[in-house]
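# Coordinates in review
Listed below are the residues making up each chain.
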Amino acid sequence: MSVTASSRDPEPRQHTTGEFSNGFCRMGMCLKNEKWIAMAFLLIHLVAILFFTRGFLLTRTELPFHSTCSDVSLSPCLASPPPDHVSNSISGSNLSQSGGNLHQQPKCWTKPAVDRVIIIVLDALRIDFVAPSSFFPEPKPWMDKLPILQKLAYANGSSAKIFKAYADPPTTSLQRLKGLTTGGLPTFIDVGNSFGAPAIVEDNFINQLVQNGKRVVMMGDDTWTQLFPNQFAKAYPFPSFNVKDLNTVDNGCIEHLFPSLYEDDWDVLIAHFLGVDHAGHIFGVDSIPMIEKLEQYNAVLEKVVQILESQAGPGGLHENTLLIVMGDHGQTLNGDHGGGSPEEVETSMFSMSLRKHTSPVPQEFDTSSCKQDSDGKQICVSSIEQLDFAATLSALLGISFPFGSIGRVNPELYALGSSSWNIENDGNQSVSKKWIADYVDILCTNAWQVKRYIDVYSNSSVVGFSYDDLSRISDLYSRAEENWSNSIKDMLVDGDKNGSSNISALTKQIMAYLDFFSSVVELARSKWTEFNLKLMITGFGIMVISLFLQLLIILPGPKSHGMDSGAFVGLAFTLSIVLIRACSFLSNSYILEEGKVANFLLATTGLIKLQYSIMRKTMVKEAVTFLATVFALRISIDIGLTKQAATSQFMSSSPSWMLGMVPGHPILTLVSDIAPVLSLIILIYMLYKAINRTSCVGIWKYVTVGSIINYFLVAMQWASESKMLGLDVLLQRLGRNRIPQAVYGIGLVQLFLLAFARIFCAIKVTYGSKSWTVKTVAMVSACSSTVILLSGRQGSMLALAYILGGYCIMRLEGIERNQSGKGNNRFQNLNPLAVVQWSLLSVCMFFASGHWCAFDGLRYGAAFVGFDEFVLIRQAILLTIETFGFSIILSVFGLPLLMPLHSPTKRLFRMCMLYGLVNATTVTATILCVTIQRRHLMVWGLFAPKFVFDVVGLILTDVLICVASAFYFD
């Protein structure tokens, strides 16, 4: 963008362009059309990635079977209904896909313990939002903002409890809702469905409610209606994806929640609030909007409890109601979630029975962790797995457990609900024995259901579980079932009077079942990904073949000169840089620090160039400037990487940490307001100089002028947001979306004019400039304004650093050309090191702009710059531009700026192919590493997201190379 014609060094005339096609003729393919070659590699890479993805990112086999009330007749448990209500077999037809219409039965699998359940989901509810601050090493501003829950949980004679709930990654809302309702484990491939959730085909808690005649009312996050279409008696969905909107969903929930509490037309009510999740995404946890949201929720919950308690008396509407307030996942301090860090998987659950007494839970099953508060009062927090939610709620409501559930009935949550039973209190031991007896029978049914699912899954799935794993699980279940049938069942039927011995025997039986559940969950979490090695190896093999084909295209024909020793050393050094980066992907630690690794390698190449320039006493200034730019990017990468640290406090005061100032310092505020606008002014000046020096005319000139106008608009937007020069009043009159929309509109007009000019208009330039020089300046400038706007205030400064780094790479690449003259160097017109440096610079830009290879690293707020409403395709395009703008879009279109002016166009295409080869090599290395590490502990939390980001980047790079081939080459 800033590189002008006069700044380039002249180059001696090189070999004829015929040598380019000779590389193909050696394979019998004299392909001369660059566009078709680029498209061919795009197709090859798509096929390779498709094969590998089919083998690696497989979903767990979803079985279409649904549980019915009659199924339990085959269990050995006392919970079975009378024989006249059930069928005599469980054939394939009994594993029906539609359930059964048996809800008229007073009892299905278990004795109903509650009549109604209210589930209030507060999205992204961290544990320290609910638990008292005394549970944590240091109190924070966002703690103790839900005092109503603490008051209810720790009141004397309370029938309420606070749980630390553990979610399974990935911690996106869709996977968590799917896991909560099915009782199974989410799969990684479903992450992409968070942008458009498909209906759940597996048996689930909502389906069982409907099949058993329960009326379900839902309000809030519209993900529920996408997952469970036509399942709700009433539904009030609100759009959930606009993370900048903190109030629409919440206000909709409040509007319908309070009136519904007075109605008797529902059995289960679900209200899903999103304000805390959106406040975290936009402002972070330590922010005023977050605290305001928590305080709002506290007021809402106070009113909910007040309404419930007013109708909880004998014969009241909520006499036998269970209230659950829960999060679907947690969030980091920066508001991110999706991965498997402790802050993301640890969330909260609060449960309260409107009955004022609770069933005692034996000490063996009590998970409470207790501490003393500042007043010396003992406060406790229990723990629960979200995996157990579906089974526990099903047991409390007396419905069939979801067919694919592998969770257990949680004793503490079940005890809160079962307190509604009228147990005659003949002493603590009598009450305890009664509860244990009921609980052990429910666990018997629960274990039978899980074992049935494991057996059917192994027979139905393509891969299933190994023989050894199935044997181990079967032995655990057989031992538990044998003891049940031989002694425990008769003990419960006969009502043996030996109280203490009975309790001991029942407790041992419960422990046997819990061992079985633990074994099943451990197996599912470790081995439930069905890797198809044949498909994975096929995909990897196709990628390797594509690398060799690309290399054959890039290498000159046999008529070109051989390579001298200096060129050979340079090529070996370049290859070593690429291989070092590729090998780093074998380590999860190096993937976490990928930005630093790329920056280190880029700095290494800069030091080599500095040494070379000092030896030849030329371009020392450019070499030093390049290293300074790399150092600045390293600082920016460090700042960006701190956002990944779950416990990091850095980002809340990152600029002040560097300047030794506190947040809000006048100098800091002034610099943060002026620096982005000043950077845009510099960019405008550089574009103006580029127009003058290339002397482009016609449409090409107007396109570049359009970029200058866009830069002015972006500067005005940022100045208005910072209240500089009183422009905030202007922004209020225009509306905060008008300027971004104008930038997008001008950008689209620019792209249309570029396409029109490419087809119909010739380029007239002076000073010996090549036509692709003018095209490059026009194309890069047209794309850059949108990228800068979406990147926020850092965008203009990152653009300056990118231009400066690219200019130094181009200038330093000329050292060897000027010194080598007409020496025997096959690569004197195409320096591989310069292309690798450009690729490493692009990687540094990705991390320096605050991104990382994880779904919680996506800045969803950028998708709503200029828009308030959600439109999937439009928001997806904006998010893609923001994520890959600097690292791919500007990098591919800016490649011609590295070429000497008088180089043949064919060698420019070789440079594009070489850039694509470098990217394809790193992706091939990622594929190999993912294959090797497919059983690694961090495969879904780290290696799989890295794979997804890399392959998306490769496909986008190939597509843009195709576009560049059509645009730049005649």
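As a reminder, the structure under discussion sits directly above these lines.
Below is a short write-up of the structure. Please read these numbers as outputs of a predicted model, since none were measured by experiment. (Residues numbered from 1 in each chain as written. Predicted model: local features only at pLDDT ≥ 70, side-chain atom pairs only at ≥ 80, totals over all residues. Heavy atoms only, no water.)

### Observations concerning the nonpolar core
Here is the rule we go by: We define the nonpolar core as a collection of buried residues of types Ala, Val, Leu, Ile, Met, Phe, Trp, Tyr and Cys that are connected through side-chain atoms lying within 4.5 Å of one another. Accessibility here uses a 1.4 Å probe with only protein chains present; expressed as a share of the type maximum, an area under 20% marks a residue as buried, one over 50% as exposed, and anything in between as partly exposed. Counting from the N terminus, the helices are DSSP H or I runs at least four residues long and the strands are E runs at least two residues long.
One finds F56, F886, F893, M913 and F947 to be the most contacted residues of the largest nonpolar core, which totals 144 residues. Looking at which element gives the most residues to this core, the answer is helix α32 (residues 939-968), with 16 residues. The next biggest cluster of nonpolar side chains, apart from the first, holds 87 residues, and it includes C69, C108, V440 and A480.

### Regarding the packing of helix α2 (residues 34-56) against helix α17 (residues 533-554)
Which entries qualify depends on this criterion: To get an axis, a line is fitted to the C-alpha atoms, and for a helix only the part in contact is used. The angle between two axes follows their N-to-C directions and goes from 0 to 180 degrees. Note on terminology: angles under 35 degrees are roughly parallel, angles over 145 are roughly antiparallel, angles of 65 to 115 are roughly perpendicular, and the others are oblique. Here a crossing is called left-handed whenever its near helix is offset anticlockwise from the far helix by less than a right angle, and right-handed whenever the offset is clockwise. Whether two residues are in contact is decided by their heavy atoms: any pair within 4.5 Å suffices. Here the term charged refers only to Asp, Glu, Lys and Arg, the term nonpolar to Ala, Val, Leu, Ile, Met, Phe, Trp, Tyr, Cys and Pro, and the term polar to all other amino acids, Gly among them.
Orientation of α2 relative to α17, taken along the N-to-C sense of each, is 160 degrees, at an axis distance of 6 Å. The orientation of α2 with respect to α17, classified from their angle, is roughly antiparallel. Seen from above, α2 lies across α17 with left-handed handedness. Taking contact as the criterion, the partners of I37, F41, I44, H45, V47, A48, F51, F52, R54, G55 and F56 in α2 are, on α17, L535, M536, T538, G539, I542, M543, S546, L549, Q550 and I553. Its residues assigned to classes, the contact of α2 with α17 comprises 14 nonpolar, 6 polar and 1 charged.

### With respect to the sheet that holds strand β5 (residues 268-273)
Worth spelling out the cut-off: At least two bridges found by DSSP between two strands are what make those strands a pair.
With mixed pairing, the 9 strands of this open sheet are ordered in space as β4-β3-β5-β1-β6-β7-β2-β9-β8. Each edge of the open sheet is held by one strand with a lone partner, namely β4 (234-238) and β8 (369-372). For this sheet, the mean inter-axis angle between neighbouring strands, taken without regard to orientation, is 15 degrees. Relative to the sheet, helix α13 (residues 411-418) contacts β2 (160-166), β6 (321-326), β7 (346-353) and β9 (378-385), its axis offset from that of β2 by approximately 150 degrees.

### Description of a nonpolar patch on the surface
Stated precisely, the cut-off is as follows: Only residues above 30% relative accessible area that lack a salt bridge enter a patch, with like-charged residues linked at up to 9 Å and the nonpolar side chains Val, Leu, Ile, Met, Phe, Trp and Tyr linked at up to 5 Å. Surface accessibility follows the Shrake-Rupley procedure with a 1.4 Å probe radius. Residue values consider only the protein chains on display as shielding. Each reported salt bridge corresponds to a side-chain nitrogen of Lys or Arg within 4 Å of a carboxyl oxygen of Asp or Glu.
Taken together, I674, L678, I681 and I682 make up a surface patch of nonpolar side chains, about 330 Å² in accessible area. As for its placement among the helices and strands, I674 is situated in helix α23 (residues 666-694).

### Regarding helix α9 (residues 275-283)
For α9, the complete set of buried residues consists of G275, V276, D277, H278, A279 and G280. Residues of α9 that are buried in the fold lie against α3 (127-130), α8 (248-260), β5 and α10 (288-310). Where α9 terminates, the next one or two residues include G284, which has phi positive at roughly 90 degrees.

### Notes on the state of the cysteines
This is how the line gets drawn: Counting rule for disulfides: a pair of cysteine sulfur atoms within 2.5 Å.
Following the criterion strictly, the structure yields 3 disulfides and no others. There is a disulfide in this structure between C69 and C108, and the S-S distance comes to 1.9 Å. The S-S bond linking C69 to C108 shows a torsion near -115 degrees; that makes this disulfide left-handed. Within this pair, whereas C69 is found in the loop between α2 and β1 (116-122), its partner C108 is found in the loop between α2 and β1, the two being separated by 39 residues in sequence. For the pair C69 and C108, one class covers both residues: buried. With its sulfur 2.0 Å from that of its partner, C77 forms a disulfide with C444. The chirality of the disulfide connecting C77 with C444 is left-handed, given an S-S dihedral of about -85 degrees. In this pair, C77 sits in the loop between α2 and β1 while C444 sits in helix α14 (residues 428-460), placing the two residues 367 residues apart along the sequence.

### Topic: the packing of aromatic side chains
Here is the rule we go by: Ring geometry is summarised as follows: Phe, Tyr and Trp rings, the Trp one being its six-membered ring, pair when their centres sit within 6.5 Å, and such pairs are stacked at plane angles under 30 degrees, edge-to-face over 60 and tilted between the two. For a Lys NZ or an Arg CZ to count as sitting over a ring, it must be within 6 Å of the ring centre and within 35 degrees of the ring normal.
Here the structure, examined in full by the defined rule, presents 23 aromatic pairs. Ring centres of Y802 and W838 lie 5.2 Å apart, and the angle between their planes is 10 degrees; on these two criteria the pair is classed as stacked. In this pair, Y802 is assigned in helix α28 (residues 794-820) and W838 in helix α29 (residues 832-848), connecting sequence segments 36 residues apart. Accessibility expressed as a relative area gives 6% for W838, which makes it buried. With a centroid separation of 6.4 Å and 70 degrees between ring planes, the pair formed by F846 and F949 is classed as edge-to-face. With a gap of 103 residues between them, F846 in helix α29 and F949 in helix α32 connect regions that are remote in the sequence. This pair shows no difference in class: F846 is buried, exactly as F949 is. Among the aromatic residues, those joined into a cluster by ring pairs are F65, F403, Y453 and Y457. When the ring centre of F867 is taken as origin, the NZ or CZ atom of R874, which lies over that ring, is 3.9 Å away.

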